[in-house]
Structures are given as C-alpha cells and as structure tokens.
Amino acid sequence: MPNPRKRRAGAAGAAGPDSKRPAGKRTKTRKPTGTSASVGDSSPEKTSASKNCGNNQSSYWLMKSEPQSRIEKGVDVKFSIEDLKAEPKQTACWDGVRNYQARNFLRAMKLEQKAFFYHSNCKEPGIAGLVKIVKEAYPDHTQFEKNNPYYDPSSKEDNPKWSMVDVQFVRLMKRYITLTELKANHQAHKATGGPLKNMALFTHPRLSVQPLTPEEFEFILSLEEKEPS
C-alpha cells in the first residue's frame, strides 16, 4: 500500500503557467489509505476546459506537483519527484484534487498509462520525470478529514465527490525540460502546426492534471536527446 503522504500539484494561472495556484493539485498528509494529487478551485463541472482540453480517452498525462516547501493550513504541500522516488515501492497516491475537470481526468486514467511529473510553482518549473498509473481512481480520503487542507464538508462517504490514483516512479528525465523550453516550442508550433500547438499546459494552464496527445508525449520525450535551444 502506498505511503499516505499527500502531494500538491503546482501552480498555473491566468498570467501563464506557474504564475499562481492551479485548479487541481496535491499536498502532503498522513493516513493509512494513501494520498497525493492536485487541488485548487472547486470549479463548476462544465467549463470551457471540459470542451477544449483534450478528452478523457487520453493515454498520456501531465501531472503537476510543488517541489518546494509551502505550508497550507499547517500542512507542507511539498512533493517532488525525488520524494516519490523515496517512497516505499516508489509509489504514492495523488490526492487533493478539487477541480472537476482535473478529477475527471484522474478518473479516466488506466493502469500502466504514463504521465510526466511536472515541478510547478518553483524557480524553474518543468518536467522532471516519468511516472505510471498503478491504481485506477478511487475515493480521496482527504475530502473527509476535517483537519486536512482539502476537506470538503459537502462530500459524503456514500457518494464521494473527489478521487485519486496511485502513481509509481518510472525514471527521471535524461535532462530537465523547462517550462521556458516548452513554451518556446509551443509558440513555434502554433505558427507551424507542430505537435505542441494546442498543449494544455498553455491553453488551460490552471489544470494540474492534463491530457497529452501521443504526438505531444513523443515530442517532449525527443527533447531529452537534444541540447536546450
């Protein structure tokens, strides 16, 4: 069973990715059932993101977490890919998501699907490594914990609103792929029709759990082999 430490997904706001808190994130807590994911604004279930941010049939994902300490309601929401690597079986739950679209993406995840682990709300945001889904969506226990930053009194145990998945460390990226580099490619691809032209990191930056197309995923992997421009 994954260590129940809660993680918090990184920030991203209207001024651009990682300028403020995301609409779905995670934090660090303790509980026998496991933890970790994304939190933020409890947005209405139907949003423009639900229409335009990919679809729930994706096989690849990007998941944000904050690698630097930050206290929220007495809880340190820090969780880096190095923290995940140090967990028993290098596995943890992704709890704390409080945005409906991000939650729906968690619920759409399938076993063995891959996700980029993205460091957010830090000096140099970017993709740090790869994880895989090792347990599909199940109720996020933090919604019922009154002392938890992500407690939701409107959620009921017989009909929970919020879900989480378990993720396992796969590997670090061969080199850190920065937000700056990703943004430069996104801007170029908007003009040329390249694979990152509609990447959700830029079209819906507040979402801390985001789908990726196969083309986006493969292009980002290919950046590992190149010198940063």
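Only a predicted model underlies this, so the values are computations on that prediction, with no experimental measurement involved.

## As for the packing of aromatic side chains
A full pass over the atoms with the stated rule returns 6 aromatic pairs. With a centroid separation of 4.2 Å and an interplanar angle of 20°, the aromatic rings of Tyr60 and Phe217 are classed as stacked. Pair noted here: Tyr60 is in strand β1 (residues 60-65) and Phe217 is in helix α6 (residues 214-223), with a separation of 157 residues, a long-range link. Arranged with centres 6.4 Å apart and planes meeting at 40°, the rings of Phe79 and Phe117 form a pair that is tilted. Here Phe117 lies in strand β5 (residues 114-119) and Phe79 lies in the loop between β3 (75-76) and α2 (81-86), a separation of 38 residues in the sequence. When its relative accessible area of 1% is taken as the criterion, Phe79 is described as buried. One aromatic cluster is present, built from ring pairs that chain together Tyr60, Phe116 and Phe217.

## Re the nonpolar core
Of all hydrophobic cores here, the largest spans 23 residues; its most connected members are Met63 and Trp94. Every element with two or more residues in this core is listed here: β1, α2, β4 (91-94), α3 (100-108), β5, β6 (126-139) and β7 (163-178). Leu62, Ile127, Phe202 and Leu212 belong to the second largest nonpolar core, which has 19 residues in total.

## Side note on the confidence of the model for the chain
Of all residues in the chain, 76% attain a pLDDT of 70 or more, and the chain-wide mean is 83. Segment residues 3-52: pLDDT under 50, and 242 contacts once partners within four positions in sequence are set aside and those in other chains are kept.

Analysis parameters
- Residues numbered from 1 in each chain as written.
- Predicted model: local features only at pLDDT ≥ 70, side-chain atom pairs only at ≥ 80, totals over all residues.
- Heavy atoms only, no water.
- Phe/Tyr/Trp six-rings, centres within 6.5 Å; stacked < 30°, edge-to-face > 60°.
- Helix = DSSP H or I, 4+ residues; strand = E, 2+ residues; numbered from the N terminus.
- Buried < 20%, exposed > 50% of the residue type's maximum accessible area, 1.4 Å probe, protein only.
- Core = buried A, V, L, I, M, F, W, Y, C linked by side-chain atoms within 4.5 Å.
- pLDDT = per-residue confidence, 0-100.
- Contact = heavy atoms within 4.5 Å.

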